[in-house]
Amino acid sequence: MAQPLVKKDDDHDDELEYSPFMGIEKGAVLQEARVFNDAQVDPRRCSQVITKLLYLLNQGESFTKVEATEVFFSVTKLFQSKDTGLRRMVYLIIKELSPSSDEVIIVTSSLMKDMNSKIDMYRANAIRVLCRIIDGTLLTQIERYLKQAIVDKNPVVSSAALVSGLHLLRTNPEIVKRWSNEVQEGIQSRSALVQFHALALLHQIRQNDRLAVSKLVGGLTRGSVRSPLAQCLLIRYTSQVIRDMANHGQSGERPFYEFLESCLRHKAEMVILEAARAITELDGVTSRELTPAITVLQLFLSSPRPVLRFAAVRTLNKVAMTHPMAVTNCNIDMESLISDQNRSIATLAITTLLKTGNESSVERLMKQITNFMSDIADEFKIVVVEAIRSLCVKFPLKYRSLMTFLSNILREEGGFEYKRAIVDSIVTIIRDIPDAKESGLLHLCEFIEDCEFTYLSTQILHFLGIEGPNTSDPSKYIRYIYNRVHLENATVRAAAVSTLAKFGFMVESLKPRITILLKRCIYDSDDEVRDRATLFLSVLGGDGTVDTDQETKDFLFGSLEVPLVNLETSLKNYEPSEEAFDVNSVSREVKSQPLAEKKAQGKKPTGLGAPPAAPASGFDGYEKLLSSIPEFAAFGKVFKSSPPVELTEPETEYAVNVVKHIYDSHVVLQYNCTNTVPEQLLERVNVIVDASEAEEFNEVTSKALNSLPYDKPGQAFVVFKKPAGVPAVGKFSNTLTFVVKEVDPSTGEADADDDGVEDEYQLEDLEVVAGDYMVKVGVSNFRNAWESMDEEDERVDEYGLGQRDSLGEAVNAVTDLLGMQICEGTETIPTNARSHTCLLSGVYIGNVKVLVRAQFGMDSSKDIAMKLTVRAEDVSVADAIHEIVACG
Amino acid sequence: MILAVLFANSVGNVLIERFNGVPAEERLHWRTFLVKLGADNLKGVKNEELLVACHKSVYIVYTMLGDVSIFLVGKDEYDELALAETIYIITAAVKDVCGKPPTERVFLDKYGRICLCLDEIVWNGLLENTDKDRIKRLIRLKPPSEV
């Protein structure tokens, strides 16, 4: 019905022909604006023209630089008129025209005159206009007046100055910060609005000074705040102070909680809601603290005002994520909101219910949601689908009704993101709930029969190839897969060919028939489809010996085993030569991600998504560097390179850190050295390593650094031999030896006759620990990986970890010790948790896959106990892991 | 920050739009989004009944006043509650200027004064004045009655 973007004047609706702006045209209005230059100003006429200019600007019309300048100059002439109505319009149009800095000068004198006028309202408006158009230099000139204005007895003038301060703080913070005394006075003002603006500005000025903010809040929570708006601000600042205090270890009774609670009885609804929200967001909020807040929020759920209902349900939705039990009392009110006319409210209500509902209410809830889904937008539907996925994982017994629901909505209309969310959910359910597998796969098969998204079709085909052959009757999926070969585009056809091959290989009885189907594909019009068909036909036609079987299986089902990013980097580093690229030379280590990237990534991957790809890091550089040194070529492939370990304090003359490169039977220590003294040149830089506390290590060779000029880092290497495949540990003490020569800092060159002086420099000790023999390698589905390992070889033991400040500290200590990848987001521990399970995976030296389940529990005296369950491809490695923990 | 204030007529044509801190290239998106939101939900809504929505991390509060629909978009401290407060002042001021919930014609007749009211209420994305009687005086450059 709506026709956005059609300008008013383009409209020919009969009813609108009376519009005062009918047929308005920029050129004509600009002509009319010449009336501003008349010797005898006609205020009424001028106001009308300004209104037209405003109309054009408010419609998104823009003036060229020349036009705007011309209008601006004409407008400034109107300051001659004493007509107040016109003056008010002039103030507005100057702000709207936002003149450039070189034009501002024309109008500043008039505005400065107005700013000191006896007429209060001239002062207020002149301040607002000036602050909008001036720059820093001019601001220092008028700063005195602005400070006066803040404490003006007229609240309008005072507010104008304060709000200007809020804007100017962004561009000229150092000037505005000087006004804090006046602003402080504003907080005491009897005018509610002045107090509101002063509070906002003072907080912004002092936001980085924790003590000052705490003092401000402390004073105001005892005194009287005059407007609900200011009260809301105060509540926000108070919660920030509470958070800061908790972060800085102040314990005992939570400060200011009483104030927040008293705000729940305020007469203004916005204050009550703000306080309730603040309480629910307190760190480690207890159920006693939560209860009064939840009670008032529940009352708002049945408010006749949609905004209040929305605010309440939005807050409860957040609470439900961390404290679902606290919200269950509101479930009845929440259910009635499912039929709320406002769809945002209904969606929030449903997703909250999905989090708080119990097993018995699932069916009833699903019935209600089914009616609701048809009339909401895709973005809301995705939220609901994600909530259903977590519900299904929570209540596996209810998978039938949830799966039925998902398959029904999969058949309905919807965009790509929505369909992907549903498919991801079904895949997650199939992976997590074995009983749901067969029905889930059939739903996916039906979906690809009529799927318009190539991406989803190929993903589902790939998934079918992995899961389908292990079902009770794999043959029933073949029809769906082979149909793709006839009906779809080349990408999907190629995926279908690969999937068929997987069935053929895994299900012996299907092999002859699959071979026939694949033979038909070798006449496909697309290269890739033909190539795949030919390749798989030859694979399937193998002689069936055990070895070939294993190879084929690896080929068809094996994952790439190397992170894609590492493969990409290695391929880029590979220079075409006689020697073919060897995929085994690619590092398998998953690089840890910087925290910021983790945050940006947000949710953990679910469904079809592979484990997150790691960004490139220094490792790739090491690979290139090591491969360039011929002495190291015989050592084979690097198993792992550690992150750099600092061996010097920061800001010493020589900065040295070391990277441990672990090979199967060697360890290469790479010393990265930097000379920070401009007057020195170091030569023959070497590191003398004393390995008397590392019995299993024997030094084989070392590689000195010939020259180390100022601020140009270089590397020295020391190589140790160790027993092959053994995770030997030990301690090494290091001394840097070198010849130092003096350098003329102006030329940067050393004296040619100077032989230099030998010197040495003591470095910190270095340890090779068990964690160095573990590579962080994630698994996409921990449960599947865990179950695929033999339970017989499981090793379980319990350990006491002593007193710790928090569970998190214990978890970090253990994961650091083992050097393994944390899976499925189990590094996040809910605040106040008394127990936690951490899932870890990695590859131990000798390419042995290891999975660990570490269950932590904390008693009232903060003593932490840990049950460690280890499964590994080699049982001796499982024992070794326990040994590491026992010794650590 | 109040990111946008937008007035549209009953068929979705923009009457006034003011953006704060929204890049020029995103304005078209917002304009289209808001007008569609109104078309989908404002039919048959009573005068001044507030509707609310959220889109990504911003909040939208909107309503109908006579023939005119009014939309406010805010983020951070301007959540649904603060926006509701602001839109309440805007509707009160517009009614005051027009004498009643306006038809489109009346709204356009009083266009200049409505712009002035808006200038007093929201300044560069911050709420400045909240009292309609005071606003009524301020747009005529009269000091507030309590002074």
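Residues numbered from 1 in each chain as written. Chains lettered and ligands numbered in written order. Predicted model: local features only at pLDDT ≥ 70, side-chain atom pairs only at ≥ 80, totals over all residues. Heavy atoms only, no water.

For chain B, the helix and strand inventory stands at five helices and seven strands. Seen in sequence order, chain B has helices and strands lined up from the N terminus as β-β-α-β-β-β-α-α-α-β-β-α. Out of the 147 residues in chain B, the part that is buried amounts to 64%. The long-range share in chain B, meaning contacts at least 24 apart out of those at least 6 apart in sequence, stands at 48%. (Helix = DSSP H or I, 4+ residues; strand = E, 2+ residues; numbered from the N terminus. Buried < 20%, exposed > 50% of the residue type's maximum accessible area, 1.4 Å probe, protein only. Contact = heavy atoms within 4.5 Å.)

A count of helices and strands for chain A gives 37 helices and 18 strands. Buried positions account for 51% of the 888 residues belonging to chain A. For chain A, the proportion of contacts with a sequence separation of at least 24, taken over those separated by at least 6, is 64%. Accessible surface, chain A: about 42,700 Å² in total, of which carbon and sulfur atoms supply 49%. (Areas by Shrake-Rupley, 256 points an atom, 1.4 Å probe, with all protein chains shown as cover.)

All right, on to the interface of chain B and chain A then. Listed as interface residues are 60 residues of chain B and, on the opposing side, 64 residues of chain A. In terms of surface lost to chain A, no three residues of chain B exceed Leu81(B), Trp123(B) and Leu141(B), which account for 15% of the buried area on that side. Between chain B and chain A we count 11 salt bridges in total. A salt bridge links Arg88(A) to Glu120(B); the shortest N-O distance between them is 2.8 Å. Summed over the shared surface of chain B and chain A, the result is 19 residue pairs in polar contact (both at pLDDT 80 or more). The biggest single contributor to the side of chain B that touches chain A is helix α4 (residues 111-121) of chain B, with six residues. Along the lines of polarity and charge, the residues of the side of chain B that touches chain A split into 31 nonpolar, 10 polar and 19 charged. (Buried area = accessible area lost by both parts, 1.4 Å probe. Salt bridge = Lys/Arg side-chain N within 4 Å of Asp/Glu carboxyl O. Polar contact = N/O pair within 3.5 Å; in protein donor to acceptor, adjacent residues only side chain to side chain. Nonpolar A, V, L, I, M, F, W, Y, C, P; charged D, E, K, R; others polar.)

Residue and element names in this part refer to chain A. Two numbers describe how helix α11 (residues 192-206) lies on helix α12 (residues 210-222): the axes approach to 9 Å, and their chain directions differ by 155°. Considering the angle they form, α11 stands roughly antiparallel to α12. Remark: the crossing between α11 and α12 carries left-handed chirality. Between α11 and α12, the contacting residues are Leu199, Leu202, His203 and Arg206 on the first element and Ala212, Val213, Leu216 and Leu220 on the second. (Axes fitted to C-alpha atoms, helices over the stretch in contact; angles between N-to-C directions. Parallel < 35°, antiparallel > 145°, perpendicular 65-115°, else oblique. Left-handed = near helix turned anticlockwise from the far one by under 90°.)

Here we take up the pairing of strand β4 (residues 58-65) of chain B. Residues and elements named next belong to chain B. Burial runs high along β4: eight of the eight residues are buried. Side-chain alternation along β4 places Val58, Ile60, Tyr62 and Met64 on one buried face and Tyr59, Val61, Thr63 and Leu65 on a second face that is also buried. The turn linking strand β3 (residues 51-55) back onto β4 is made up of two residues, and Lys56 within it adopts a positive phi angle of 55°. Relative to strand β5 (residues 68-74), β4 runs antiparallel, the two being bridged by seven bridges. By the bridge assignment, Ile60 is partnered in β5 with Val73. Where β4 folds back onto β5 in an antiparallel hairpin, the turn is made up of two residues, including Gly66, whose phi is positive at roughly 60°. (Pairing = 2+ DSSP bridges.)

Okay, helix α7 (residues 136-150) of chain A next. All names here are of chain A. Residue Ile142 marks the point of greatest curvature in α7, where the axis turns by about 55°. Here α7 has its buried residues at Leu138, Leu139, Ile142, Glu143, Tyr145, Leu146, Ala149 and Ile150. Where the residues of α7 are buried, they touch α5 (101-115), α6 (120-133), α8 (155-171), α9 (173-176) and α10 (180-187). (Bend = angle between axes of the 7 residues up to and from the residue.)

This part covers a negative patch on the surface. Residues and elements named next belong to chain A. A cluster of acidic residues, Glu649, Asp690, Glu693, Glu764, Asp765 and Glu767, forms a negative patch on the protein surface. Structurally, Glu767 is set in strand β12 (residues 766-768). For Glu767, a relative accessible area of 47% puts it in the partly exposed group. (Patch = residues over 30% accessible without salt bridge, like charges linked within 9 Å, V, L, I, M, F, W, Y side chains within 5 Å. Lys, Arg positive; Asp, Glu negative; His and termini not counted. Charge placed at Lys NZ, Arg CZ, Asp CG, Glu CD.)

All names here are of chain B. Here we have five strands laid out as an open sheet, ordered β2-β1-β5-β4-β3, and antiparallel in their pairing. At either end of the open sheet lies a strand with only one pairing partner, and these are β2 (14-19) and β3. If you compare each strand with its neighbour and ignore which way they point, the axes differ by 15° on average. Where strand β1 (residues 2-8) lies against β2, five bridges are found, and the strand directions are antiparallel. Its bridge partner lying in β2, Ala8 is registered against Val14. Docked against the sheet, helix α2 (residues 80-98) engages β1, β3, β4 and β5, running at close to 25° with respect to β4.

Turning our eyes to something else, we now look at the packing of aromatic side chains. Here a ring pair, both rings aromatic, is described through the centre-centre distance and the interplanar angle of the planes. Across all of its chains, the model carries 22 aromatic pairs over all chains by this definition. Centroid distance Tyr62(B) to Phe71(B): 5.6 Å. Interplanar angle 15°. Geometry classified as stacked. The exposure classification of Tyr62(B) matches that of Phe71(B), with both residues buried. Through pairs of rings, three or more aromatic residues link up here, namely Phe21(A), Tyr55(A), Phe7(B), Phe107(B) and Tyr111(B). For Arg853(A), the ring lying beneath its charged end belongs to Trp786(A), and the centroid distance is 4.8 Å. (Phe/Tyr/Trp six-rings, centres within 6.5 Å; stacked < 30°, edge-to-face > 60°. Lys NZ or Arg CZ within 6 Å of the ring centre and 35° of its normal.)

Turning to the nonpolar core, a few remarks are in order. Formed by 248 residues in total, the largest nonpolar core has its most connected members in Phe36(A), Ile369(A), Met373(A), Phe7(B) and Phe107(B). Examining the composition of this core, we find that 11 residues originate from one element, α2(B), more than from any other. Aside from chain neighbours lying at most four places away, what touches Met373(A) is Lys381(A), Val384(A), Val385(A), Phe405(A), Ile409(A) and Tyr418(A). Of all hydrophobic cores here, the second largest spans 68 residues; its members include Val677(A), Leu766(A), Ile864(A) and Met866(A). (Core = buried A, V, L, I, M, F, W, Y, C linked by side-chain atoms within 4.5 Å.)

Glancing now at helix α3 (residues 65-76) of chain A. Residue and element names in this part refer to chain A. Between its first and last C-alpha, α3 extends 17 Å over 12 residues, near the 16 Å set by a 1.5 Å rise per residue. If you check which residues of α3 are buried, you get Ala68, Thr69, Val71, Phe72, Ser74, Val75 and Thr76. Check the buried side of α3 and you find it contacts α1 (26-32), α2 (43-58), α4 (84-97) and α5. (Expected span 1.5 Å × (residues − 1).)

Bringing the side chain of Ser239(A) into the picture now. For Ser239(A), the position within the fold is in helix α13 (residues 228-247). Among the polar contacts listed, one links the side chain of Ser239(A) to the backbone oxygen of Ile235(A), at a separation of 2.9 Å.

With that settled, consider unusual backbone geometry. All names here are of chain B. Unlike most non-glycine residues, Glu48 shows phi in positive territory, near 65°. Looking at the element boundaries, Glu48 is found in the loop between α1 (24-41) and β3. Residue classification places Glu48 among the partly exposed positions, given a relative accessible area of 27%. The phi torsion at Asn124 lies on the positive side, around 50°, for a residue other than glycine. Among the secondary structure elements, Asn124 is positioned in the loop between β6 (122-123) and β7 (126-127).

Moving on to the confidence of the model for chain A. Regions with low pLDDT should not have their predicted coordinates read in detail. Residues and elements named next belong to chain A. Averaged over every residue, the pLDDT of chain A is 84; residues scoring 70 or more account for 90%. Put simply, helix α33 (residues 595-601) is where chain A has its lowest mean pLDDT, 37, and helix α15 (residues 269-280) is where it has its highest, 94. Below pLDDT 50 for its whole length, residues 1-17 participates in 38 contacts with residues either more than four positions away or in separate chains. Ignoring residues within four places in sequence, the model shows residues 592-618, a span with pLDDT below 50, making 34 contacts including any to other chains. (pLDDT = per-residue confidence, 0-100.)

For the rest of this paragraph, the subject is the pattern of salt bridges. Evaluated as defined, the whole model comprises 48 salt bridges over all chains. Notably, a salt bridge pairs Glu274(A) with Arg236(A), separated by 3.0 Å at the nearest N-O pair. Of this pair, Glu274(A) sits in helix α15 while Arg236(A) is found in helix α13, placing the two residues 38 residues apart along the sequence. Relative accessible area serves as the criterion here: at 7%, Glu274(A) is assigned to the buried category. A network of salt bridges, in which partner residues are shared, links Arg88(A), Lys95(A), Arg128(A), Asp119(B), Glu120(B) and Glu128(B).

This part covers the confidence of the model for chain B. Summarising the model, chain B shows a mean pLDDT of 90, and 99% of its residues fall at 70 or more. Within chain B, the lowest mean pLDDT, 85, falls on β3(B), and the highest, 95, falls on β5(B).

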